[in-house]
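Summary of structural features
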Amino acid sequence: MAMLSGCTGGNQSSDSATFRNAYTGNPVDLHFNTSGIQNYAWPAGRAVFAPFLKYSFNKEKFLLGALKDLQINDKEVTLTFRDDLTWDNGDDWTTEDLDVQLQLAKKTGTSLWGYLDDYKIVDKKTARLLLSNTTNPQIIKFELTNFFVDTKKETHEKFLDKDVSEFLQWAWEDPVASGMFSFVSKDKQAFEFEPNPEFYNADNVDIDTYLLQSFGGNTAQHQALVSGDKIDAATSLFVPPEIVDQFKDHVVEVNIPAKWGYGVVFNHDDPHFGKRAVRQAVAHVINRQAIVDNAGPRSKFVSQTPCGIAPKDQEYWLGDWMSDFETYGPKSSQTQKATKLLQDAGYSKQNGKWQSSDGTIGGEYYSPAGWSDWTTMTSTVVDQLNNFGFDFSISTLPTNDWFSHYSNSNFTMGSLYWLPGGSRSTFPYFPLRYQLWEEEIGGGHNYREKAESEQTIPGRGGGEMTITPLEETEKIAQQPSDDKSRPFVQRAAWHSHIELPFLGLVSKYEQSWMTNDNWTIPPKENVNRRVKWPPYWWTHEGELQHDA
C-alpha cells in the first residue's frame with residue numbers, strides 16, 4: 001500500500017491546497033461498501049460518491065446533486081441524471097449502473113423499497129420509480145437524500161446472485177469514484193484523496209490533496225482544533241463550551257439540526273424491560289435537563305415529550321393533541337410516579353434495590369467508547385437510575401461491539417440514538433418507523449412482532465385506543481400531504497409515548513467545524529451553509545476555496 005504523502009505529522013505548509021479533515025476511526029479497518037454499515041467509512045464515502053440529492057436546513061429545500069431533475073406525480077417518480085455524470089476511470093455512468101443499485105437496494109431491504117412496486121429504465125440517463133401507493137412526496141425526496149452514485153455495474157453485479165450476507169460483508173477497498181475526489185490510499189493515519197478530473201463540478205474543487213485524518217476520539221480532535229495548525233475541519237464533532245472558548249477566531253462552528261440524539265433502547269424480551277410499567281418508570285426517573293446541562297447545553301436540548309418525533313417538530317405535527325401527552329418530567333426526576341408504577345407491577349425495594357421474582361432491575365448499560373459527550377450522558381443516566389434503586393453497571397465498548405450486543409439481543413437496556421438522523425427525520429414517519437423496526441441493529445430490541453400486532457393502550461382523554469403500530473405508521477407515508485398524514489402521526493406518536501419502544505431523551509444540533517484562515521466559507525444565510533456536510537457539500541458547490 002502506498003505511503004500517504006500528506007500524512008507526515010499533519011504540518012502542511014499554509015500555501016499548499018491540502019485540506020485536512022478530522023475523523024475518529026482507523027482507516028485500515030474501514031471500507032467503501034455503503035451497504036456494509038458497521039465498517040463503512042461514511043466520511044470517506046462522501047468524498048468519492050456523488051449524492052443524488054441534498055437538503056438545505058437554511059432554506060428548507062432540496063438541492064440537486066447527480067440528479068438533473070426530479071418529478072413526483074401520483075405514483076411515479078421520474079429520475080433524470082446529469083448528462084456529464086461519469087466514473088473516475090472515464091466510463092460514463094448510465095442507468096445500467098442504477099439498475100444494479102436498485103436491485104441490490106431491494107435485496108438488502110433498503111427503506112426506499114417500502115414504497116416501490118417496481119421501476120423502469122427509460123433511457124441511459126432516465127428512470128421511473130413506480131410507487132405501490134400514493135406517497136407523500138417529501139418521503140421520496142428524503143429517501144433519495146440517502147442515495148449516492150456508489151454502485152458500478154461491472155463491480156457490483158456479481159452480488160446479484162449471491163446471498164445478501166456476502167454483499168453486506170464485502171469490504172470495498174478501492175472504489176471507483178463518481179464524486180469530487182478519487183481514492184489514492186489509506187493507512188492508520190489517514191485516507192488520502194486527489195481531485196477527480198471526471199467529476200461534473202470539477203472546476204469547483206480547489207483542493208490538491210484531501211486527507212481524512214484519523215484521531216483517537218473527540219479529545220484528540222479538540223486538541224488539534226485548539227492548536228490551530230493540524231486540521232482544517234472536523235465534519236461532526238461535539239465540543240463542550242469550555243473547549244470552544246479555547247479555539248482561535250478562524251475556527252468556525254456550523255450548527256445543523258441533527259434530528260438525532262441520545263436515547264435508551266430496551267430489550268423488549270427482557271423480563272423487566274419488556275414490561276411497559278418498567279419502561280415508563282425509567283422515563284419518569286431520568287431528569288433529561290440534567291443530561292443536557294452535564295453534557296453540553298450549547299448544542300443539546302431535551303425532548304419535551306418522548307413520543308418518537310424530533311423535539312422541534314412535535315408542536316407542528318401533534319397540534320392540539322400535544323397538551324395531552326405525558327412529558328415524564330423533562331426537568332425533574334419524578335420518583336413518586338416511578339415508585340407507584342413499579343409497586344403496581346409487583347416490584348418491591350429490598351436493600352435499596354428494586355426487584356421481583358425475576359431479580360433486580362438492571363444489568364450492563366452499554367455506551368460507545370470515544371464519544372465523550374455520550375460518556376457523560378451515560379454516567380448521568382446511570383447515576384440517576386441507580387440512586388433510585390436500579391442496578392446498572394456501565395460497560396463502554398468500541399462502536400462495533402456496542403452495535404453487536406444490540407444486534408444479538410445481548411442486553412437489557414442501554415444507550416442508542418433514538419432518531420435515525422439527517423434531514424429525513426424531519427418527517428415523523430422515519431423516526432416512528434425506526435423505533436419500531438430498528439434495521440440498524442436488525443430488530444435486536446425485539447419490538448418487531450409487537451409492532452405488527454394489534455395493541456390496546458390507554459386512549460387520549462380516557463378510555464382505550466386500539467392500534468397496530470406499524471400499520472398506523474405506514475399510513476403516514478401513504479398520504480399526499482402533511483394535513484392528510486397528521487391524524488396518523490398523532491395516533492402513532494400517542495402509541496410511542498405510552499408504549500416507549502425507545503426512550504428519546506436528548507436531541508441536538510450537529511457541530512461541524514471549519515476554518516476560514518486559509519479557506520473561504522459561505523455566509524450564514526447561504527442556501528449551502530447548513531447542508532450535511534460542510535466539508536463535502538461546500539466543495540461540491542464551489543463554496544470552499546483555498547484562500548492562502
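As the structure is a computational prediction, the values presented were derived from the model and not from experiment.

Observations regarding the pairing of strand β7 (residues 126–131)
Here strand β5 (residues 76–81) pairs with β7 via 5 bridges, running antiparallel. The residue of β7 that forms the bridge with E76 is L130. Looking at chain direction, strand β6 (residues 116–123) and β7 are connected through 6 bridges and run antiparallel. Bridging from a neighbouring strand, D123 pairs with T126 of β7.

As for the sheet that holds β7
Strand order across the open sheet formed by 4 strands is β4-β5-β7-β6, with antiparallel pairing between neighbours. With one partner strand each, in any of the chains shown, β4 (67–73) and β6 form the two edges of the open sheet. Strand-to-strand twist across the sheet, computed as the mean angle between neighbouring axes with direction ignored, equals 15 degrees. Its contacts with the sheet put helix α2 (residues 95–107) on β5, β6 and β7, and the angle it makes with β6 is roughly 170 degrees. Of the strands in this sheet, β4, β5 and β7 touch helix α3 (residues 137–144), which is tilted by about 150 degrees from β4.

Here's the deal with unusual backbone geometry
In the segment running from K532 into W533, the intervening peptide bond is cis, with an omega of 0 degrees. Note on placement: W533 falls in the loop between β24 (506–515) and α18 (534–540). At N446, a residue that is not glycine, the phi angle is positive and equals roughly 65 degrees. You can see N446 is positioned in the loop between α14 (429–437) and α15 (448–451). Of note in the backbone geometry, L500 takes a positive phi value of approximately 55 degrees without being a glycine. Assignment of secondary structure puts L500 in the loop between α17 (482–499) and β23 (502–504).

Topic: the sheet that holds β23
Taking strand neighbours across the sheet as the criterion, the 3 strands line up as β20-β13-β23 in an open arrangement whose pairing is antiparallel. Edge positions in the sheet fall to β20 (413–417) and β23, since each of these pairs with one other strand and no more. With strand direction ignored, the average angle separating the axes of adjacent strands in the sheet is 30 degrees. In terms of strand pairing, strand β13 (residues 262–266) meets β20 through 5 bridges, oriented antiparallel. Bridging from a neighbouring strand, G263 pairs with L416 of β20.

Here's the deal with the pattern of salt bridges
A complete count under the given rule lists 23 salt bridges for this structure. Between K259 and D313 there is a salt bridge, and its shortest N-O distance comes to 3.0 Å. Highlighted residues: K259 in the loop between β12 (251–257) and β13 and D313 in the loop between β14 (300–302) and α10 (314–318), separated in sequence by 54 residues. The network of salt bridges with shared partners includes D91, K152 and E154.

What to know about helix α6 (residues 218–227)
Inspection of α6 places N218, Q221, H222, A224 and L225 among the buried residues, and these make up the whole buried set. In a view along the axis of α6, the buried residues occupy a sector of 165 degrees, so they form one face of it. Just downstream of α6, G228 is the residue with a positive phi angle, here 80 degrees.

Notes on the packing of aromatic side chains
What describes a pair of aromatic rings is the distance from one ring centre to the other and the angle between the planes of the rings. Scanning all chains against the criterion turns up 53 aromatic pairs. Their ring planes at 85 degrees and their centres at 5.1 Å tell us that Y316 and W317 sit as a pair that is edge-to-face. Note on Y316: relative accessible area 45%, which makes it partly exposed. Relative to F390, the ring of F388 has its centre 5.7 Å away and its plane inclined at 45 degrees; by these criteria the two rings are tilted.

Parameters and conventions
- Residues numbered from 1 in each chain as written.
- Predicted model: local features only at pLDDT ≥ 70, side-chain atom pairs only at ≥ 80, totals over all residues.
- Heavy atoms only, no water.
- Pairing = 2+ DSSP bridges.
- Helix = DSSP H or I, 4+ residues; strand = E, 2+ residues; numbered from the N terminus.
- Axes fitted to C-alpha atoms, helices over the stretch in contact; angles between N-to-C directions.
- Contact = heavy atoms within 4.5 Å.
- Salt bridge = Lys/Arg side-chain N within 4 Å of Asp/Glu carboxyl O.
- Buried < 20%, exposed > 50% of the residue type's maximum accessible area, 1.4 Å probe, protein only.
- Arc of directions from axis to C-beta.
- Phe/Tyr/Trp six-rings, centres within 6.5 Å; stacked < 30°, edge-to-face > 60°.

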